[in-house]
Every structure is written in structure tokens, then in C-alpha cells.
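Residue strings, one per chain:
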Amino acid sequence: MNEQMNVDHEKVMALFGNVFNDVAGAVAIMMSYIGDQTGVYQAMDKLGPAKVPAIAKEAEVDERYLKEWLASNAARGYVTFDSEAEEFSLSPEQACVFARESEPTCIQGLIQGVVGQFAKEDVALDVFKTGRGRPWGEHHDCCFCGTERFFRPAYAGHLLNEWIPALEGVEEKLQMGAKIADIGCGLGTSSILMAEQYPNSTIHAFDFHGPSIEEAKKRAEEKGLSNLEFYVSDAAAIPKNEYDLACIFDAWHDMGDPVGIASSIKDTLAKDGTFMVVEPMALDGFANNIANNPASGMMYGFGTLVCVPASKAQSVGLGLGPQAGPNKLMELLGEAGFGNVNLAAETTNNLVLQARA
Ligand SMILES: C[S@@+](CC[C@H](N)C(=O)[O-])C[C@H]1O[C@@H](n2cnc3c(N)ncnc32)[C@H](O)[C@@H]1O
């Protein structure tokens, strides 16, 4: 009873309002997923301002459902409604977020990643309750293509122009012709970018998820790249090939034994080789991270659903999580036997570490 009297009603209403907004956002995410997968946003981007029947015809979707969908999107500010002309459209800014794949702000990959988690909520509950691991392959397909689609703009925008140039003594070697290992390569976006940029270098890309490697091979074949090979392999079993550069993009924390794997990667490097670890942006210290890193809530959420379970499904099962922060990452690289470790670059979504023996 006394506890009831101590409840601050204004605070309750403020919290309720925040969560209500999140719930409205969750429904909007589902609306946005439908618009992406059915091509409605692309149709709107092509047409410009148009009435419902014209958009329905262009996108080849049901007119009545589209009308409801457009109203929901307009209420969230995802599309624009001109009440006088009774026309819907995408502003250039809305198009950059919802319709245009090549824009760094295209959010659809992240949305796919979220929808993929809701689609398998029963598995998420089982994993959470039992504490068992969840192998990468146990996720909805949206997890694989959504991850690739979300990470691609960051890699396309930063890998070749900022991250590799920030590594001491690496870029020139890659231009001259070097051996690169891309470990936990997923659908191979980073591998393909490096193969295109450094035609004199040879890239070996590894991932233990067979379907991802099949898709990566298809994508590389379409580009006609002859200096890139994909292999289904655990990160712990990379051949001792004297690599000049070994890299892991947004996957080290997903591994069961990041220290053991880093240590075995050290043995695959050439004498003056570099291990580049790209991890999600995070600040040092849990309290600092949740207070000052606006993406931390989402990242700990993905950590709960994807990253920690992926790690727990492997031997050791450290469960590092995607928000370890730079100091912890550098400490672990030191434990793996790297004597020279530094934070080479930071971008909005990523930390880039260089580790050398
Ligand atoms: C979040 S995804 C990142 C994929 C890719 N690097 C990218 O940035 O798009 C994590 C990847 O790590 C792979 N992975 C996790 N543990 C692995 C291990 N022990 N050996 C090989 N691959 C692993 C998964 O199969 C998955 O493709």
C-alpha cells in the first residue's frame, strides 16, 4: 500500500509515454519491412506524388491494404501526405532512409534484422530460459541478409578510405600484393571490397556457416573476381598461410573463444603481419556505455538475442557481447599474445583495432 502511495504519477506517465512510442515504433518497423519487401517504397520513389491506385498499380499490391499502410506510414512521418491533392509521396530525405539501397542511411537492413528476431520469438524465449547457446545457423534468414545489408554501408564508406589507411604499414603492402584472411566473413561484403580494391592481393575468406559462404561465392562470381576464395571453416582452423593481414569484421565477439582464436590467428600471420579487429562502437565501462552511447540499448538487445547465444553455442562460450569497449578488447588481444595493440580508428558504428606480435 505504502509503495503505491510513493509512486510518482508523472514519472509513470513519462515512462508509459516512452514505451508507448517504442511500441508504435515496433509496429512502424513491421510496416516498413512490408513496404521494403513488396517494393512499395521503391515504387513511390519512382512515381513521385501519386494517388493510392497509381501506387498500388506500380507496386502491384492490394489497393485497400495499401491505403491503410500509407496512412500508418504518414502518421509516423515515414511518407508524406498532401491532403489537398490527396497524394502520397516520399520526400528526398524519406527516400534516403526507406527506398534507396545505395544510401548510407538506408535503414532496411537493420529493420530486417529486427523482424528476423520477432519471427523466431519462440526460439529466443527457449534460449533465454534454458541458457543454451544458439548457433548462427539457427536464426531466421533475415538475420543473415539484414546483417549484411546493415553493415555494408559502413564497410563501403570506411574500410578502404579510412580503416586500412589507419593501420600502420598495411595499405602499401596490399597495393603491392599481399595475402589477406577475412575471418567470419558472412556474405563476404568486406572480402569483395578488398578484392576489388587490391587486385594484386589474394583474399581467403572464411566462415563456418555454409549457406553464407554459398551466397558469398555467388556474389563474388557475379563480380568476376579471380583473387578471392571462400572457405567453410571455423575461425580456429585457419591455415598457417603467412597472412600479411588477417581481419574479423563485427564477428570476434560472436566467437566462443575470442582469445584462443586470436592466438591461433597470430600463428597464421607473416612475421610482421597485422590482425585487424573491427567491432561495434562501444564505450569503456558498462555504466558509461549505457549513459553515453545512444546505440547501446539496441546493441545489448542484439547481444541478448544473437551475439551472446552465438558465442555460448561454441566451445569456451565466453559470451563477450557486442559492447565490450576498446579497453576490454585490447586487454583480450594482449592475453592472446599480441604485444603491440592500438585503437587505429573509430567511426559512428565501429571501433578498429590493430594488433601485431
Ligand atoms: C555478425 S556476422 C558478421 C559477418 C560479416 N563479417 C559482416 O560483417 O557482414 C558474424 C559472422 O561470424 C561467423 N562466425 C561466428 N563464429 C565463428 C567461428 N567460430 N568461425 C567462423 N565463423 C564464425 C558467423 O557465421 C557470421 O557469419
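Preceding block: the structure.
Here's a quick rundown of the structure. (Residues numbered from 1 in each chain as written. Predicted model: local features only at pLDDT ≥ 70, side-chain atom pairs only at ≥ 80, totals over all residues. Heavy atoms only, no water.)

Read across the open sheet, the 7 strands follow the order β5-β4-β3-β6-β7-β9-β8; overall the sheet is mixed. If you trace the sheet from one side to the other, it starts and ends with β5 (228-232) and β8 (340-346), each paired once. Within this sheet the neighbouring strands show an average axis-to-axis angle of 20 degrees, counted without direction. In this structure, strand β3 (residues 179-183) lies alongside strand β4 (residues 202-207), joined through 5 bridges in parallel fashion. (Pairing = 2+ DSSP bridges. Helix = DSSP H or I, 4+ residues; strand = E, 2+ residues; numbered from the N terminus. Axes fitted to C-alpha atoms, helices over the stretch in contact; angles between N-to-C directions.)

Quick look at the site of the ligand now. Close to the ligand lie 19 residues, the nearest being Y155, G184, D207, A235 and F249. Taking F208, its main chain carries an N or O atom lying 3.4 Å from a nitrogen atom of the ligand. For the ligand, a nitrogen atom lies 3.5 Å from a polar atom in the side chain of D234. About the coverage of the ligand: the protein hides 97% of its 590 Å² of free accessible area. The dominant element in the shell around the ligand, judged by the number of residues it contributes, is helix α9 (residues 141-166), at 3 residues. Taken together, the residues of the shell around the ligand sort by class into 9 nonpolar, 6 polar and 4 charged. (Near = heavy atom within 4 Å. Polar contact = N/O pair within 3.5 Å; in protein donor to acceptor, adjacent residues only side chain to side chain. Areas by Shrake-Rupley, 256 points an atom, 1.4 Å probe, with all protein chains shown as cover. Nonpolar A, V, L, I, M, F, W, Y, C, P; charged D, E, K, R; others polar.)

Tracing the backbone through its elements, the reader meets S311 in helix α15 (residues 296-312). Taking relative accessible area as the criterion, S311 reaches 0% and is therefore assigned buried. Ignoring any residue separated from it by four or fewer positions in sequence, one finds S311 in contact with H253, D254, M255, G256, G317, L318, G319 and L320. (Buried < 20%, exposed > 50% of the residue type's maximum accessible area, 1.4 Å probe, protein only. Contact = heavy atoms within 4.5 Å.)

As a further point, take helix α3 (residues 40-47). Buried residues of α3: V40, Y41, A43 and M44, and no others. An end-on view of α3 places all buried positions within 160 degrees of arc, on one side of the element. Residues of α3 that are buried make contact with α2 (9-37), α4 (52-59), α5 (63-75), β2 (87-89), α6 (92-98) and α7 (108-119). Immediately beyond the C-terminal end of α3, within one or two residues, lies G48, with a positive phi of roughly 75 degrees. (Arc of directions from axis to C-beta.)

Of all 5 residues making up β3, 4 are buried, and the element is well covered by its neighbours. In terms of handedness, the path from β3 via helix α11 (residues 189-197) over to β4 forms a crossover that is right-handed. (Right-handed = clockwise from strand over helix to strand, strands pointing away.)

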